[in-house]
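Fold and geometry: a report
For reference, the chains in residue letters:
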Amino acid sequence: MTVTPEVKQGVEEVRASFPGHVVEVVDEAQGGAYVVIRDLPIGGKYIPSTTWLGFLIPFQYPRADVYPHFVDASIVRVDNKGHGGGISGRMDWQNRSALQISRKSNHWDAASDTAALKAVKVLEWFIAQ
Amino acid sequence: MRKPVSMTMDARLFDELQAHLFPGDHDEHGAVIAAGIVETERGTRLLAREAFLAKDGVEYVPGTRGYRALTARFVAERSGHCENEKLCYLSVHCHGGTDRVGFSGDDFASHERGYPALLDITRGGPVGALVFAENAVAGDLWTPRGRFQLDHLTVVGSVVKRLYPSPLSELVPSRAMYERQSRLFGDLGQAILGRLKVGIIGLGGGGSLINEWLAHLGVGHIIAIDFDRVDITNLPRIVGATRWDACSLLSERQSEFLRRIGKRFANYKVKVAKRVAKRVNPRIRYDAVVGDILDLETAALLKDADFIFLASDSIQSRLVFNALVHQYLVPGVQVGAKVPADEKTKTITNVFTATRPVMPSPGYGCLECNDLIPPSKLREEALAVNERRRQRYTDDPEIAEPSVIALNVLSAGQAVSDFMLMFTGLFEPGLELRYQLNFVRERQICKVEPTIKLNCPDCSNSANSRRARGDRGRLPCRE
């Protein structure tokens, strides 16, 4: 199954939004794409202070929302508190041990929301926890 | 281009164009239509997306060779728009008269002067011209491979009507078996039903009822799409399904292994539907498609349907249905029943059935506009069952929703009745087909005022919308 033109564009926008970071892309069986952005800084609240961020851009993107997102399962908080609501795990995602971040967009708009924008927002939210 | 070549236009656009062309002054007026195109084994359809109405005396002026003409600037701007949007450019003007119309010698001469160059400018078009009388239309269409005449124009609204260059004369009397129903809609109405191609997505409880009733009505061609097999739990709902179809000798056994074998050898729902339809009307043309509407090859089978019934539960199938309706200007209706339960008390709450006609007009309010295709649900349904479980977006996908034939009847009956009245021209003129919810425990029927998204990716004329793009757009399917 070939990646749809919309998903391909979504991947390109992710690459453009995270310059200097390796973006791994694996085709999904229905025409979507699994995306992993490597070595993203997540600030001083976490150990380690960098992570990968992974997600599936589904084949019906941009009509379909992009969620959940996944980060490295080894991430712990510096203050030793557990992760809060919206973060769960550990689990296996694309052969990686991962924490799942569930940030569903209740007002996802296919005309303006993108996979890249969602990745930035999810990362910002995670850093702010 | 395959013949016959026809055009489809939604009723609102048609009314707007008619008001411009026939304001009551008996003079000539002009416009341009930008149209998509679809080519199938049934012929070629031009799909009217937008009409640009030329201002009299400014954009539609006295001609140097003919009576009136569009100005060079107006033509250049509109043809440029069509080129950018990959749409077909069609100039429009009107003549006097009512039921017959044709181009004049001056008209043809101007086409021969202008359209070869316009074909180049719009990169192959097609381009052409339409001439309207009040109840007739003719067309001269140019492609790189030759010139074609327009066979007819289909206007899609609460009444679906056809305009031809001149009235059709042949009318075959209905078969004796249709004598009683053709007393309602006449031999012509019966003949119209007989030449329709109707799609049904989902042949479960609601779809199987629709299937049987369409066959009884004398619809000429049904294309039924469902990948699922008959399960023993379907027998109380699927019309015509037998224990044999459900492989009940195996599927009712205690042994999980035997039950699995039974499910594997059960009959497909579309095969049961075909048997039912053929029993009712042996002459019906029937395509029983074991397939998923999410696959492009399967969805494409409906792009030249005259009407589509959506009787499937999934949000993904709503997305594809809504896209087919607007991209190919095929009217349709979504049917369903909902039995919500209070999570705390586990009691049934507002049981309702829904009949949602979806008309291919901008500003009518489609399934997307009315938030009936939630992006989060699309995302969840795109996951495999085990992924969905792992990511905890469902408690147990094996637990099915309640489903009862008496509820299916309410939504399916309204839908088939709407369909029949649309095509036989029996709806009141100008009627707006609103979504209808039937709250069965209260015996209350509600009409839903539509929500309209101005930039809807399906039904609007915004730059990114698929409306009327036909084969030059992309369906949201697996390829």
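Residues numbered from 1 in each chain as written. Chains lettered and ligands numbered in written order. Predicted model: local features only at pLDDT ≥ 70, side-chain atom pairs only at ≥ 80, totals over all residues. Heavy atoms only, no water.

A closer look at the domain arrangement of chain B
Residues and elements named next belong to chain B. As a reminder of what qualifies: Where each domain starts and ends follows an automatic or database-derived domain assignment. Note on definitions: a residue-residue contact is assigned when non-hydrogen atoms from the two residues lie within 4.5 Å. Throughout, the accessible surface (probe 1.4 Å) given up by two parts as they are put together, summed over both, is called the buried area. Counted as salt bridges are all cases of a side-chain nitrogen of Lys or Arg within 4 Å of a carboxyl oxygen of Asp or Glu. Polar contacts, as counted here, are pairs of nitrogen or oxygen atoms within 3.5 Å of one another; within protein the pair requires one atom able to donate a hydrogen and one able to accept it, and residues that are adjacent in sequence qualify only if both atoms are side-chain atoms. Secondary structure is summarised from DSSP: a helix means a run of H or I of at least four residues, a strand means a run of E of at least two, and numbering begins at the N terminus for each. We call Asp, Glu, Lys and Arg charged. Ala, Val, Leu, Ile, Met, Phe, Trp, Tyr, Cys and Pro are nonpolar, and the rest, Gly among them, are polar.
Assigned domains of chain B: these are domain 1 (5-163) and domain 2 (176-228 + 268-448). At the interface, 18 residues of domain 1 touch 28 residues of domain 2. A combined buried area of about 1700 Å² lies between domain 1 and domain 2, and 50% of that area is made up of carbon and sulfur atoms. Its largest share of buried area at the contact with domain 2, domain 1 owes to Arg-12, Arg-42 and Ser-158, together 36% of the area lost on that side. Across the contact surface, domain 1 and domain 2 share 3 salt bridges. Close ionic contact of Glu-41 with Arg-285 constitutes a salt bridge, the shortest N to O distance being 3.2 Å. The tally of links from domain 1 across to domain 2 stands at 13 residue pairs in polar contact (both at pLDDT 80 or more). When residues of the side of domain 1 that touches domain 2 are traced back to their parent elements, those giving at least two are strand 1 (5-10), helix 1 (11-21), strand 2 (30-40) and strand 3 (43-53). Of the residues belonging to the side of domain 1 that touches domain 2, the class tally is 7 nonpolar, 4 polar and 7 charged.

Section: the interface of chain A and chain B
Taken together, the 25 residues of chain A in the interface contact 26 residues of chain B. With both chains or domains summed, chain A and chain B bury close to 2200 Å², and 50% of this area falls on carbon and sulfur atoms. On the chain A side of the interface with chain B, the three residues burying the most area are Gln-60, Arg-63 and Tyr-67 of chain A, jointly 34% of the side's total. Viewed at the interface, chain B and chain A are joined by 3 salt bridges. A salt bridge links Arg-63 of chain A to Glu-368 of chain B, with the nearest nitrogen and oxygen atoms 2.9 Å apart. For the interface between chain A and chain B, the tally reads 11 residue pairs in polar contact (both at pLDDT 80 or more). A per-element tally of the side of chain A that touches chain B places strand 7 (residues 87-93) of chain A first, with 4 residues.

Focus: the sheet that holds strand 15 (residues 332-338) of chain B
Two orientations exist for strands paired in a sheet by backbone hydrogen bonds: parallel and antiparallel. Residues and elements named next belong to chain B. The line we're drawing: Two strands pair if DSSP finds at least two bridges between them. Inter-axis angles, ranging from 0 to 180 degrees, are taken between N-to-C directions of lines fitted to C-alpha atoms, where helices are fitted over the stretch in contact.
Taking strand neighbours across the sheet as the criterion, the 8 strands line up as 13-12-11-14-15-16-17-18 in an open arrangement whose pairing is mixed. Edge positions in the sheet fall to strand 13 (285-289) and strand 18 (444-448), since each of these pairs with one other strand and no more. Between one strand axis and the next, the sheet turns through 15° on average, direction left out of account. Pairing geometry for strand 11 (residues 197-201) and strand 14 (residues 307-310), over 4 bridges, is parallel. Following the sheet pairing, Gly-199 is matched in strand 14 by Ile-308. Most of the contacts of helix 5 (residues 205-217) go to strand 11, to which it runs at about 165°, and overall it touches strand 11, strand 12 (221-225), strand 13, strand 14 and strand 15.

Things to note about a nonpolar patch on the surface
Note the cut-off: A patch consists of residues exposed above 30% relative accessible area that lack any salt bridge, with like charges linked at up to 9 Å and nonpolar side chains (Val, Leu, Ile, Met, Phe, Trp, Tyr) linked at up to 5 Å. Surface exposure here means Shrake-Rupley accessible area, sampled with a 1.4 Å probe, where a residue is shielded only by the protein chains that are shown.
Residues Ile-47, Val-76 and Val-78 of chain A make up a contiguous nonpolar surface patch of roughly 250 Å² in combined accessible area. The topology assignment puts Val-76 of chain A in strand 6 (residues 76-77).

Comments concerning helix 1 of chain B
Keep this limit in mind: Note on exposure labels: buried denotes an accessible area under 20% of the residue type's maximum, exposed denotes more than 50%, and partly exposed covers the range between, all computed with a 1.4 Å probe on protein chains only.
Along helix 1 of chain B, the residues classified as buried are Ala-11, Leu-13, Phe-14, Leu-17, Gln-18, His-20 and Leu-21 of chain B. The N-cap of helix 1 of chain B, judged by a side-chain oxygen 3.1 Å from the amide nitrogen of Arg-12 of chain B a few residues on, is Asp-10 of chain B.

Considerations on the packing of helix 4 (residues 182-194) of chain B against helix 13 (residues 405-423) of chain B
When two helices pack together, their arrangement is given by the angle between the helix axes and by the axis-to-axis distance. Residue and element names in this part refer to chain B. Operational definition: Angle categories are assigned with fixed cut-offs, so that under 35 degrees is roughly parallel, over 145 is roughly antiparallel, 65 to 115 is roughly perpendicular, and the rest are oblique.
Two elements in contact, helix 4 and helix 13, have axes whose closest approach is 9 Å; the angle formed by their N-to-C orientations is 100°. Put simply, helix 4 runs roughly perpendicular to helix 13. Taken together, the residues of helix 13 that come into contact with helix 4 (itself represented by Leu-184, Phe-185, Ile-192 and Leu-193) are Phe-419, Met-420 and Phe-423. When the residues that make up the contact of helix 4 with helix 13 are grouped by side-chain class, the tally is 7 nonpolar, no polar and no charged.

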